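One-letter residues, chain by chain:
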Amino acid sequence: MGIFALPRLVVYGTEALDLMIEEAKMFGERVFIVSDRVIEKLGFLERVKRAFEDAGFLVEFTVEVEEEPSFSNVESIARRASQFKPDIIVAIGGGSVIDAAKGVWVRLENPGYDLYGISPLERIGVGKKVRLIAIPTTSGTGSEATFGIVLSEKVDGKRKYALGSYEIVPWMAVLHPEFPSSMPRSLTIGTGLDALAHALEALVSSTASDFTDALAVKSAEIIFSELPRVVEEPKNLDLRGRIHMAAMMAGMAFSNSGLGLAHAIAHTLGPMLGVHHGAIVASILPYVVKFNSERSEGAAGKYRLLERVLNAVLGQEMGLLERIVDLYQTLGHPLDLESYGCSLGWIQDNRDEIVAGVFSDPDLGFNPVLPSEEDVLEVLNRAVEGRI
Ligand SMILES: [Fe+2]
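Computed from a prediction, not measured in an experiment: that's the story for all the values here. (Residues numbered from 1 in each chain as written. Predicted model: local features only at pLDDT ≥ 70, side-chain atom pairs only at ≥ 80, totals over all residues. Heavy atoms only, no water.)

## Overview of the packing of aromatic side chains
- This structure, assessed with the given rule, holds 7 aromatic pairs.
- Ring centres of Phe 4 and Phe 211 lie 4.7 Å apart, and the angle between their planes is 25 degrees; on these two criteria the pair is classed as stacked. Highlighted residues: Phe 4 in the segment before strand E1 (9-12) and Phe 211 in helix H7 (residues 210-232), separated in sequence by 207 residues.
- The exposure class of Phe 211 is exposed, given its relative accessible area of 56%.
- Plain terms: the ring middles of Phe 44 and Phe 179 are 4.8 Å apart, the flat faces sit at 65 degrees to each other, and that makes the pair edge-to-face. Of the two residues, Phe 44 sits in helix H3 (residues 44-54) while Phe 179 sits in the loop between strand E8 (172-175) and helix H6 (185-204), which places them 135 residues apart along the sequence.
- Its end group placed over the ring of Phe 84, Arg 30 keeps NZ or CZ at 4.5 Å from the ring centre. (Phe/Tyr/Trp six-rings, centres within 6.5 Å; stacked < 30°, edge-to-face > 60°. Helix = DSSP H or I, 4+ residues; strand = E, 2+ residues; numbered from the N terminus. Buried < 20%, exposed > 50% of the residue type's maximum accessible area, 1.4 Å probe, protein only. Lys NZ or Arg CZ within 6 Å of the ring centre and 35° of its normal.)

## Examining the nonpolar core
- Judged by nonpolar contacts, the single largest core of 78 residues is most densely connected at Leu 193, Leu 196, Leu 261, Ile 265, Leu 269, Leu 337 and Leu 380.
- Summarising the domain contributions, this core has at least three residues from each of domain 1 (9-175) and domain 2 (183-385).
- If we skip the residues at most four places from it in the chain, Leu 380 touches Ile 265, Leu 269, Ile 284, Leu 337, Ile 347 and Ile 354.
- Formed by 31 residues, the second largest nonpolar core is a distinct cluster that contains Val 34, Val 74, Val 106 and Val 130. (Core = buried A, V, L, I, M, F, W, Y, C linked by side-chain atoms within 4.5 Å. Domains from an automatic or database assignment. Contact = heavy atoms within 4.5 Å.)

## Overview of the domain arrangement of the protein chain
- You can read the domains of the protein chain as domain 1 (9-175) and domain 2 (183-385).
- Computed over C-alpha atoms only, the centres of domain 1 and domain 2 are separated by 27 Å.
- Contact with domain 1, which involves 18 residues of that partner, is made by 19 residues of domain 2.
- Between domain 1 and domain 2 the total buried area reaches about 1,400 Å² when both faces are included, carbon and sulfur atoms providing 71% of it.
- Contact with domain 2 buries area across many residues of domain 1, yet Ser 139, Gly 140 and Leu 175 alone supply 37% of it, more than any other trio.
- Remark: the boundary between domain 1 and domain 2 carries 0 salt bridges.
- Here domain 1 and domain 2 share 4 residue pairs in polar contact (both at pLDDT 80 or more) between them.
- When residues of the side of domain 1 that touches domain 2 are traced back to their parent elements, those giving at least two are E1 and E8. (Buried area = accessible area lost by both parts, 1.4 Å probe. Salt bridge = Lys/Arg side-chain N within 4 Å of Asp/Glu carboxyl O. Polar contact = N/O pair within 3.5 Å; in protein donor to acceptor, adjacent residues only side chain to side chain.)

## Here's the deal with the packing of H7 against helix H12 (residues 320-331)
- Taken N-terminus to C-terminus, the directions of H7 and H12 make an angle of 5 degrees; their axes are 10 Å apart at the nearest point. Relative to H12, H7 is oriented roughly parallel. Every residue of H12 that contacts H7 at Phe 224, Leu 227, Pro 228 and Val 231 is listed here: Leu 320, Arg 323, Ile 324, Leu 327, Thr 330 and Leu 331.
- The class makeup of the residues in the contact of H7 with H12 is 8 nonpolar, 1 polar and 1 charged. (Axes fitted to C-alpha atoms, helices over the stretch in contact; angles between N-to-C directions. Parallel < 35°, antiparallel > 145°, perpendicular 65-115°, else oblique. Nonpolar A, V, L, I, M, F, W, Y, C, P; charged D, E, K, R; others polar.)

## Quick word on a nonpolar patch on the surface
- On the surface, a cluster of nonpolar side chains totalling about 280 Å² of accessible area is made up of Phe 4, Leu 6 and Phe 211.
- Tracing the backbone shows Leu 6 in the segment before E1.
- Taking the relative accessible area as the measure of exposure, Leu 6 reaches 34% and is therefore partly exposed. (Patch = residues over 30% accessible without salt bridge, like charges linked within 9 Å, V, L, I, M, F, W, Y side chains within 5 Å. Areas by Shrake-Rupley, 256 points an atom, 1.4 Å probe, with all protein chains shown as cover.)

## Here's the deal with the coordination of the iron ion
- Around the iron ion, the protein contributes the donor atoms Asp 194 (OD), His 198 (NE2), His 263 (NE2) and His 277 (NE2), at 2.1 to 2.2 Å from the metal centre.
- Classification of the site at the iron ion as irregular follows from its 4 donor atoms and the range of 85 to 169 degrees in their angles at the metal.
- Within one chain, the residues serving as donors to the iron ion are arranged as D-x3-H-x64-H-x13-H. Linking Asp 194 in helix H6 with His 277 in helix H10 (residues 277-295), this pair joins segments that are 83 residues apart in sequence.
- Judged by its relative accessible area of 5%, Asp 194 is buried. (Donors = N, O, S within 2.8 Å, 3.2 Å for Na, K, Ca; no water. Tetrahedral: all angles 85-135°; square planar, octahedral: opposite > 155°, others 65-115°.)

## A closer look at unusual backbone geometry
- In this structure, Lys 85 takes a positive phi of about 55 degrees despite not being glycine.
- Locating Lys 85 in the fold gives a position in the loop between helix H4 (71-84) and strand E4 (88-93).
- The exposed category is assigned to Lys 85, whose relative accessible area is 58%.

## Some thoughts on the packing of H10 against H12
- For the pair H10 and H12, the least separation of the axes is 10 Å and the interaxial angle reads 170 degrees. By the angle class used here, H10 and H12 are roughly antiparallel. For the pair H10 and H12, the crossing hand works out as left-handed. On the side of H10, the interface is formed by Ala 282, Leu 285, Pro 286, Val 289 and Lys 290, while H12 contributes Leu 320, Leu 321, Ile 324 and Tyr 328.
- Here the contact of H10 with H12 is built from residues that sort into 8 nonpolar, no polar and 1 charged. (Left-handed = near helix turned anticlockwise from the far one by under 90°.)

Encoded structure:
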């Protein structure tokens, strides 16, 4: 028993904007574009705006999305959007922009709804008046395909978060390979390895299904095969297109199956160490794969399945962990937490905060085996020392 939710339409390739316009015409003529200043500077916002204007749409836009959007950021954008009364919201940017647009979508459809209350258990009622189109410019978060929404803000000294709802999966995802081709090398690696972590955590999640397994395995295969190549050839649109698709497939998988321990640790350690989410989740991933394969028969079986697929497709006999290490070494990505200034002493000193963060993270519940506090600390100690 379960629910499997995906965007209604995915348009992809170098003609993706034309395909988007053709589909959008069926739903009205007023478009509100949600973006940020980085995307504006890159000229992507203008390109999307022009595509709609040339087709006769009435367009308004904002570049006010913050790096990590808060509830009040979303509310202020939503106030402007509601005056304009759009038929379609278009998000162009990374995960933060798409998440902010999901919040604006909820607010436009259901003005009385409490954004703090977004959860899979609450009915919102979106999709009646307004459609959401998501155009990702990075290949990693998968937000264009997911029901998740990351908004946070301190209220009365406590941090509040929004989680997600199947209703806020974007109506359309637009995968144009030219947008991610502007990412610098470090972001290509960080976001690509984040997508790999999504695929590998979705694969062994406690609520994985045959639907999500298929997406997770194919996504991992593409990332292992193409990520080193796209880092060397950043303007190769065929390679960019494949990685862009793989990142979305990993998003489709984890949106429907959940993530796991690597993300629970990364959500906690990333902000404490000031390290990009993709980089930290990637560095913790091999140790979580090892822990899961030692402690869960089901996870070990799934990893072996992926191993067989990778060996057959990539034509080189390797264990999964060995393949992850090989990929990181090729990309020059750290395999230990010491590279981020994280020592055994630091883990010990911050033990209580780390444990509290990991055990309150909603992703932990999807890990195939629930770790004890000691298990989490052992995984972290191994990760600091690079003991795979
Ligand atoms: Fe992630």
